[in-house]
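Each chain is listed here by its residues.
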Amino acid sequence: MWQALSTLERNKHMRYVTSVERIGYARGHQEGLAEGWRVEAVALVRKLLQRRVGMLPPVLDQRLEALSVDEFEALSEALLDFSALGDLEQWLAQP
């Protein structure tokens, strides 16, 4: 389907952005925004946790990287009640 659309647009000598390019740009833009948000969320939660419970061991730091966006949102609220590293470990251990 994409090949046929691309061929049609090329055959008509269209000099503007093609539909395929426009769709690709929109998808790339959305994916870029989502990844940027995730990177910033990880950095912010990591800073807040370090301030709250101290430096994170590498194994816990790696666990943070594996969290979903929804889990990050839940952790960002839960960490307000943390007072020690064990609180984070307990939170990460829950199903």
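Nothing here was measured: the structure is a model prediction, and the numbers come from that model.

### As for the overall build of the protein chain
Secondary structure summary: the protein chain contains five helices and zero strands in total. Each helix and strand of the protein chain, placed in order from N terminus to C terminus, yields the pattern α-α-α-α-α. For the protein chain, the proportion of its 95 residues judged to be buried stands at 22%. Within the protein chain, contacts between residues at least 6 apart in sequence are counted, and of these 58% link residues at least 24 apart. Element-wise, carbon and sulfur atoms account for 56% of the exposed surface of the protein chain, whose accessible area totals about 7,200 Å².

### Observations regarding helix 5 (residues 85-93)
Among all positions of helix 5, only Leu88, Trp91 and Leu92 are buried. End-on, the buried residues of helix 5 take up no more than an arc of 95°, which puts them together on one face. Away from its buried face by more than 90 degrees, helix 5 exposes Gln90 and Ala93. Where the residues of helix 5 are buried, they touch helix 2 (19-53), helix 3 (58-65) and helix 4 (69-78).

### A look at the confidence of the model for the protein chain
It should be kept in mind that the predicted coordinates are not to be read in detail where pLDDT is low. Mean pLDDT over the protein chain stands at 83; residues scoring 70 or higher make up 86%. Across the protein chain, helix 5 holds the top mean pLDDT of 94, while helix 1 (residues 2-11) sits lowest at 69.

### A short note on the pattern of salt bridges
Counted according to the given criterion, the structure contains two salt bridges. Between Asp61 and Arg46 there is a salt bridge, and its shortest N-O distance comes to 2.6 Å. One end of the pair, Asp61, is in helix 3; the other, Arg46, is in helix 2, and 15 residues separate them in sequence. You can call Arg46 buried: its relative accessible area is 18%. Residues joined by salt bridges that share partners form a network here, namely Arg46, Asp61 and Glu65.

Analysis parameters
- Residues numbered from 1 in each chain as written.
- Predicted model: local features only at pLDDT ≥ 70, side-chain atom pairs only at ≥ 80, totals over all residues.
- Heavy atoms only, no water.
- Helix = DSSP H or I, 4+ residues; strand = E, 2+ residues; numbered from the N terminus.
- Buried < 20%, exposed > 50% of the residue type's maximum accessible area, 1.4 Å probe, protein only.
- Contact = heavy atoms within 4.5 Å.
- Areas by Shrake-Rupley, 256 points an atom, 1.4 Å probe, with all protein chains shown as cover.
- Arc of directions from axis to C-beta.
- pLDDT = per-residue confidence, 0-100.
- Salt bridge = Lys/Arg side-chain N within 4 Å of Asp/Glu carboxyl O.

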